[in-house]
Amino acid sequence: MDALSLILFSGDYDRAMAAFTIANGAAGAGDKVTVFFTFWGVSLLRKRKTTGKGILQTAFKRLMPCGPTDLPLSRFNFAGLGPSLLRRLIRREKGQTLEDLLALAGERGVEFVVCQASLTLLGLTPEELVAFPHLRVGDVHDFLQTAKNSAICLFI
Amino acid sequence: MDALSLILFSGDYDRAMAAFTIANGAAGAGDKVTVFFTFWGVSLLRKRKTTGKGILQTAFKRLMPCGPTDLPLSRFNFAGLGPSLLRRLIRREKGQTLEDLLALAGERGVEFVVCQASLTLLGLTPEELVAFPHLRVGDVHDFLQTAKNSAICLFI
Amino acid sequence: MDALSLILFSGDYDRAMAAFTIANGAAGAGDKVTVFFTFWGVSLLRKRKTTGKGILQTAFKRLMPCGPTDLPLSRFNFAGLGPSLLRRLIRREKGQTLEDLLALAGERGVEFVVCQASLTLLGLTPEELVAFPHLRVGDVHDFLQTAKNSAICLFI
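Residues numbered from 1 in each chain as written. Chains lettered and ligands numbered in written order. Predicted model: local features only at pLDDT ≥ 70, side-chain atom pairs only at ≥ 80, totals over all residues. Heavy atoms only, no water.

Engineer: What am I meant to see in the nonpolar core here?
Structural biologist: A general trend in soluble globular proteins is that nonpolar side chains are found buried together. Phe20 and Leu154 of chain A, Phe20, Ile22 and Leu154 of chain B together with Phe20 and Leu154 of chain C are the most contacted members of the largest nonpolar core, which totals 168 residues. Among residues more than four places away in sequence, those in contact with phenylalanine 20 of chain C are Leu8, Val35, Phe37, Leu44, Leu98, Leu101, Leu102, Ala105 and Phe112 of chain C. (Core = buried A, V, L, I, M, F, W, Y, C linked by side-chain atoms within 4.5 Å. Buried < 20%, exposed > 50% of the residue type's maximum accessible area, 1.4 Å probe, protein only. Contact = heavy atoms within 4.5 Å.)

Below, the structure written as structure tokens:
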């Protein structure tokens, strides 16, 4: 059994798809997989838009997407139309959307670690995130510890 | 002899330049180098714009660039003017353009593996890609196998 | 003592923050950390805007940002307003801005290696970069050598 760590920094639909395709492939083959969600990557786990402390934090929380279907594409986003067209194309070709990949990662026991500093910055609490069986909050030292013991470590 | 794996997810001219500068440096020093082309990265290998199944796939295939000289810059793209200015600057400074780097990678025996899922999604066949001596189609398990045995593995 | 290498290709404020958060975390725990600055990542180290050889190089040098406070956000940049709002939010939450992180990296002995090819392309000299105690110029072979001996290697 090998270990694999991914840092999901990006909040793009397509980049997150790549991350979870790799994560699920490895987890399905019996590897121990950990995904660290930091910065824009945290958007993927948000349940809904909430307010923050003051105008500034509230503005950031309003702007940042909530959950997989709210994420933009890194290219050809077309003001939000891109991701839904891509999703339609994926379904027609019997592929897995980001929503499917995320649910599968939960089933396959992929560990989700959410960056404490990103939560603090955005005034998010773990309660505002989607409940996954293996989700916990961690810091950079958790990441380094896990990453050092991983056969593969990618920044996405 | 060490092994090195790169995932080229990005379809940006500048990011692909970084990928192939690293790939060629390692291959030139005798390392075994594998580049996995996924998602927008596949653009780099396309020969020409073709149609797909239905309006949706055709639209994606029309939008996605074809080959190195058609790729945008991740920044200062200026509606496509950026890459040609960068190329001119590279040539004047006796550097290597992405086209040069790609050709050199072929000569140095860099292995090109194209993601099967990306081809399916876009309705692309291997015949629609530029013929490189060491190009083959692979899936996430091919990637994981190669990456685990690599001294360096980068997501670009 | 482990070694950790980061390639900072990106010139985005937020991505550079992620890079130096990881770098400082590892350096603070006693690891040997090397950050390679290439392409847009070199912006972070520039002191001021200077002219280049001819109109083309001068244009690139004028466009490329200078130093941490001049960097854009990868998302929600709002024509340059985004980074200053983020900085304000970071300060209010007692976090570290990119400027703080960069200074700390210098104090913690993080090695800065600047890509020779990027300097040549932009007609930059080492004198035009901020003086850090552990800054030197290197090429792709320096990177490969260091990266192969690193427990973690990330492309950011």
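Engineer: How should the sheet that holds strand β1 (residues 3-8) of chain A be read in this particular structure?
Structural biologist: Strand pairing in a sheet is mediated by backbone hydrogen bonds. Such pairs are either parallel or antiparallel. Residues and elements named next belong to chain A. Reading across the sheet, the 5 strands line up as β4-β3-β2-β1-β5 and stay open at both edges, with parallel pairing between neighbours. In this open sheet, the two strands that pair with only one neighbour each are β4 (135-138) and β5 (152-155). Strand-to-strand twist across the sheet, computed as the mean angle between neighbouring axes with direction ignored, equals 20°. (Pairing = 2+ DSSP bridges. Helix = DSSP H or I, 4+ residues; strand = E, 2+ residues; numbered from the N terminus. Axes fitted to C-alpha atoms, helices over the stretch in contact; angles between N-to-C directions.)

Engineer: What should I look at first to understand the confidence of the model for chain A in this one?
Structural biologist: Should the pLDDT be low somewhere, the predicted coordinates at that spot are not to be read in detail. Of all residues in chain A, 100% have pLDDT values of 70 or greater, and the mean over the chain is 95. The complex prediction reports pTM at 0.96, with the ipTM value standing at 0.95. (pLDDT = per-residue confidence, 0-100.)

Engineer: What is the right way to look at the relation of the copies chain B and chain A in this model?
Structural biologist: A rotation about an axis combined with a shift along that same axis relates the two copies of the chain. Superposing chain B onto chain A takes a rotation of 120° plus a shift of 0.0 Å along the axis, which leaves an RMSD of 0.0 Å. The superposition of one copy onto the other is thereby described by a three-fold rotation axis. (Least-squares fit on C-alpha atoms with pLDDT ≥ 70 in both.)

Engineer: How do you make sense of the interface of chain C and chain A when you look at a structure like this?
Structural biologist: Interfaces are frequently sized by the accessible area removed from exposure as the parts join. Taken together, the contacts link 30 residues of chain C with 28 residues of chain A. Across the chain C to chain A interface the summed buried area is about 2,500 Å²; carbon plus sulfur atoms make up 73%. Joining chain C to chain A, the criterion identifies 4 salt bridges. Salt-bridge contacts for aspartate 31 of chain C lead to lysine 148 of chain A; the nearest nitrogen and oxygen are separated by 2.5 Å. (Buried area = accessible area lost by both parts, 1.4 Å probe. Salt bridge = Lys/Arg side-chain N within 4 Å of Asp/Glu carboxyl O.)

Engineer: Would you mind showing me how to read the packing of helix α1 (residues 13-28) of chain B against helix α6 (residues 140-148) of chain C here?
Structural biologist: Geometry of a packed helix pair, given as the angle between the helix axes and the separation of the axes. Following both chains from N to C, one finds α1 of chain B and α6 of chain C inclined at 75°, their axes separated by 9 Å at the closest point. Compared by their axis directions, α1 of chain B and α6 of chain C come out roughly perpendicular. Here Thr21, Ile22, Gly25 and Ala26 of chain B of α1 of chain B come into contact with α6 of chain C, specifically with Val140, His141, Phe143 and Leu144 of chain C. (Parallel < 35°, antiparallel > 145°, perpendicular 65-115°, else oblique.)

Engineer: How do you make sense of unusual backbone geometry when you look at a structure like this?
Structural biologist: At lysine 94 of chain B, a residue that is not glycine, the phi angle is positive and equals roughly 60°. Counting through the fold element by element, lysine 94 of chain B comes out in the loop between α3 (81-92) and α4 (98-107).

Engineer: Mind showing me how you'd approach the pattern of salt bridges here?
Structural biologist: Side-chain pairs of opposite charge can arise where the charged atoms are in close proximity. Under the criterion given, the structure shown has 33 salt bridges over all chains. Between glutamate 111 of chain A and lysine 32 of chain A there is a salt bridge whose closest N-O contact spans 3.3 Å. Of this pair, glutamate 111 of chain A sits in strand β3 (residues 111-115) while lysine 32 of chain A sits in strand β2 (residues 32-37), and the two are 79 residues apart along the sequence. On the basis of relative accessibility, which here comes to 22%, the residue glutamate 111 of chain A falls in the partly exposed class. Overall, the relative accessible area of 36% leaves lysine 32 of chain A in the partly exposed class. When the shortest N-O distance is used, the salt bridge between glutamate 99 of chain B and arginine 87 of chain B registers 3.6 Å. A residue pair is termed long-range when its members are at least 10 positions apart, and glutamate 99 of chain B in helix α4 and arginine 87 of chain B in helix α3 qualify at 12 residues. Each of Lys32, Glu111, Arg136 and Asp142 of chain A takes part in one network of salt bridges that share partners.

Engineer: Please explain the interface of chain B and chain A as it appears in this structure.
Structural biologist: Chain B puts 28 residues into the contact, and the matching count from chain A is 30 residues. Taken over both partners, the interface formed by chain B and chain A buries close to 2,500 Å², and the fraction arising from carbon and sulfur atoms is 73%. Sorting the residues of chain B by area buried against chain A places Leu56, Lys148 and Phe155 of chain B first, and these three jointly supply 26% of that buried surface. Applying the counting rule to chain B against chain A returns 4 salt bridges. A salt bridge links lysine 53 of chain B to glutamate 93 of chain A, with the nearest nitrogen and oxygen atoms 3.2 Å apart. Mapped onto the side of chain B that touches chain A, the elements with two or more residues apiece are α2 (54-63), α5 (116-122), α6 (140-148) and β5 (152-155) of chain B.

Engineer: Whenever I open this one, the side chain of aspartate 31 of chain B confuses me. Can you help?
Structural biologist: Position of aspartate 31 of chain B among the secondary structure elements: in the loop between α1 and β2 (32-37). Exposure remark for aspartate 31 of chain B: the relative accessible area of 10% places this residue in the buried category. In contact with aspartate 31 of chain B, other than residues within four places in its own chain, are Met1, Asp2 and Ala26 of chain B together with Lys148 of chain C.

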